[in-house]
Amino acid sequence: MTRQGSGRGLAVAYAATIFLSAFLLFQVQPLIGKYILPWFGGSPAVWTTCMLVFQVLLFAGYAYAHITTHYLSPRHQGYLHVALLVLALVTLPITPDPSWKPTNSDWPALKIILLTMSSVGLPYFILSSTGPLLQGWFSRTHEGQSPYRLYSLSNLGSLLALVSYPFVVEPSFSTATQSVLWSVVFAVFALLCSGSAVAMWQRSAETAPHKAVEEAAAEVVRPTWGTTGLWFGLAMTPSVMLLATTNQVCLDVAVIPFLWVLPLALYLVTFILCFDSDRWYSRRPYSIAAAVLLFLTVFLGSRGSQSSLLLQIVVYFSAMFCTCMVCHGELVALKPNPKYLTAFFLTISAGGAAGGLFVGLVAPLVFVSYYELHFGIVGFAMLYMCLRLHEDKVRLPIPGWCQPLLVPTALLVVTGVFSQFGRHAEGSVAVARNFYGVLKVEQQPNPEPERSKVRLAHGRIEHGSQFVAPGRRRV
């Protein structure tokens, strides 16, 4: 086989391995969620906590890819990765141990984190590292070719897994069978990835870079700290919007698992479109759409559960989609030379994990209600203004007529968001938040004093009510 033919075959192997790894990543998420939901209750917080674990493992996988690519030779990278693949195979199948079932309501988030790590931690870590690691290998073995479209392919595999699970996998197989099938496909992935590793170090030895190529790579300008900060912010903000929107919709609309999967699918679509080609993202229409939809989000947020279900779903998810398109589109515009590819993806994963930590752990501890969406909107507006200030250095084009419009819009959105803080306490006797949601005791006055009531509510769901008049309090 000619060198050109072997290079094309290796590129196909990389692509297949990356696609399969992404597919397995997003098949295991709903599978683990289905296992543990009956154990911990049908709350969106269960899904949010699982997402937090997966985001942290994703960051760990990207960190592993970054470190090994920079500090190990191709041969040693291959040896280490094959050894980890074998170790991950030993941990299969991924069925959670029933001993993790909770016996009380203490620290459910911690229990979910430990359960998920023990059942799927190492295989998920290996799968998470595959995308950036093999893109780094591609850059080494296919000089002059951009590896970034492989990232779009990865997200396509993730989306296919996410969409196929509720419509194909879940109706066709029991949970136990799904676990076995996933483990079998992971074994196939391990073989394919091991073969790619061996072929990588063999081809790297054949095509060792010449001195002139090494000198040219050394001259590539290192991304500034300001650019790295924008990478982080442009990754963290969509993560916050994704998880916060899911929480908000489940509070004001309904606690339906489909409403947990749909925003994640939209989030992945923005990655696919933005990293596939520049033609899918244009700042002008998406920025204006995001501004308008965020205004509508703020308005609907002020009405709580009074607006129609369909209107809330459309506005909330459309706003999340447009903000994610803006953030991910600007990420692509700021992507570095492939020499810094693993650092780029490591920063993106760190931003995503930070967003998950904020929504999954910090917000329930420090907020009395679902204020994380407010912070996501404020963060998006402030990030946009930071991007504008940074643009003279990175020379990103922006239509002239948009410039006087969007910064005032961002400021108005921030003002509108801050005006909503405390609205959950208006008309309420008490407001409390725990792992499972926000509970409110609300006043329900009536022109006839004997008919005035207070009610216990979680979003649209009323758990009970009581008359206020002393003579009717026990009715």
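Residues numbered from 1 in each chain as written. Predicted model: local features only at pLDDT ≥ 70, side-chain atom pairs only at ≥ 80, totals over all residues. Heavy atoms only, no water.

Quick look at the pattern of salt bridges now. Under the defined criterion, the tally for this structure stands at two salt bridges. In this structure, E170 engages K34 in a salt bridge whose closest nitrogen and oxygen atoms are separated by 3.5 Å. Here the residue E170 occupies a position in helix α5 (residues 148-172), and K34 occupies one in helix α1 (residues 3-40), the gap between them amounting to 136 residues. The partly exposed category is assigned to K34, whose relative accessible area is 28%. (Salt bridge = Lys/Arg side-chain N within 4 Å of Asp/Glu carboxyl O. Helix = DSSP H or I, 4+ residues; strand = E, 2+ residues; numbered from the N terminus. Buried < 20%, exposed > 50% of the residue type's maximum accessible area, 1.4 Å probe, protein only.)

In the segment running from L92 into P93, the intervening peptide bond is cis, with an omega of -5 degrees. Mapped onto the elements of the fold, P93 is located in the loop between α3 (74-90) and α4 (108-141).

This part is about the packing of α3 against α4. Where α3 meets α4, the closest approach of the two axes is 11 Å, and the angle between their N-to-C directions is 160 degrees. With respect to each other, α3 and α4 are oriented roughly antiparallel. Note that α3 runs across α4; the crossing there is left-handed. The residues of α4 that touch α3, namely those facing P74, Q77, H81, L84, L85, L87 and A88, are L122, P123, F125, I126, S129, L133, W137 and R140. A breakdown of the residues in the contact of α3 with α4 according to their chemical character gives eleven nonpolar, three polar and one charged. (Axes fitted to C-alpha atoms, helices over the stretch in contact; angles between N-to-C directions. Parallel < 35°, antiparallel > 145°, perpendicular 65-115°, else oblique. Left-handed = near helix turned anticlockwise from the far one by under 90°. Contact = heavy atoms within 4.5 Å. Nonpolar A, V, L, I, M, F, W, Y, C, P; charged D, E, K, R; others polar.)

With that settled, the discussion passes to the confidence of the model for the protein. For the protein, mean pLDDT is 79; residues scoring 70 or higher make up 82% of the total. Across the protein, α3 holds the top mean pLDDT of 91, while helix α7 (residues 211-218) sits lowest at 48. (pLDDT = per-residue confidence, 0-100.)

Right, let's get into the pairing of strand β3 (residues 453-458). Every regular strand shows the same layout, with side chains that alternate between the two sheet faces. Note: strand β2 (residues 437-444) against β3, five bridges, orientation antiparallel. Its bridge partner being in β3, Q444 is matched across the sheet by K453. Sheet topology note: the β3/strand β4 (residues 461-467) ladder contains six bridges and is antiparallel. For V454, the partnering residue across the bridge sits in β4 and is Q466. (Pairing = 2+ DSSP bridges.)

Attention now moves to the side chain of S119. Mapped onto the secondary structure, S119 falls in helix α4. The exposure class of S119 is buried, given its relative accessible area of 8%. A polar atom in the side chain of S119 sits 3.0 Å from the backbone oxygen of L115. A polar side-chain atom of S119 sits 3.3 Å from the main-chain carbonyl oxygen of T116. Other than its neighbours up to four places away in sequence, S119 contacts I32, I94 and P96. (Polar contact = N/O pair within 3.5 Å; in protein donor to acceptor, adjacent residues only side chain to side chain.)

If you check helix α12 (residues 341-366), its first and last C-alpha atoms are 36 Å apart, about what 26 residues at 1.5 Å a residue would give, namely 38 Å. A bend of about 35 degrees at F358 is the largest found in α12. Taken across its 26 residues, α12 has 20 buried, putting it largely inside the fold. (Expected span 1.5 Å × (residues − 1). Bend = angle between axes of the 7 residues up to and from the residue.)

With that settled, consider the environment of A457. Position of A457 relative to the elements: it lies in strand β3. Look at A457 and you get buried, because its relative accessible area is 1%. Residues A457 and K440 lie 17 residues apart in sequence; the distance between their C-alpha atoms is 5.4 Å. Not counting residues up to four positions away in its chain, the partners in contact with A457 are V438, L439, K440, E442, E462 and H463.

Turning our eyes to something else, we now look at the packing of aromatic side chains. The way to describe two aromatic rings as a pair is by their centre distance and the angle between their planes. In total, this model carries 15 aromatic pairs according to the counting rule given. Taking 4.7 Å as the distance between ring centres and 25 degrees as the angle between the ring planes, the aromatic pair formed by F54 and Y124 counts as stacked. In this pair, F54 is assigned in helix α2 (residues 44-71) and Y124 in helix α4, connecting sequence segments 70 residues apart. On the basis of relative accessibility, which here comes to 3%, the residue Y124 falls in the buried class. Ring pairing ties together the aromatic residues Y62, W231, Y267, F271, F275, F344 and F345, which thus form one cluster. (Phe/Tyr/Trp six-rings, centres within 6.5 Å; stacked < 30°, edge-to-face > 60°.)

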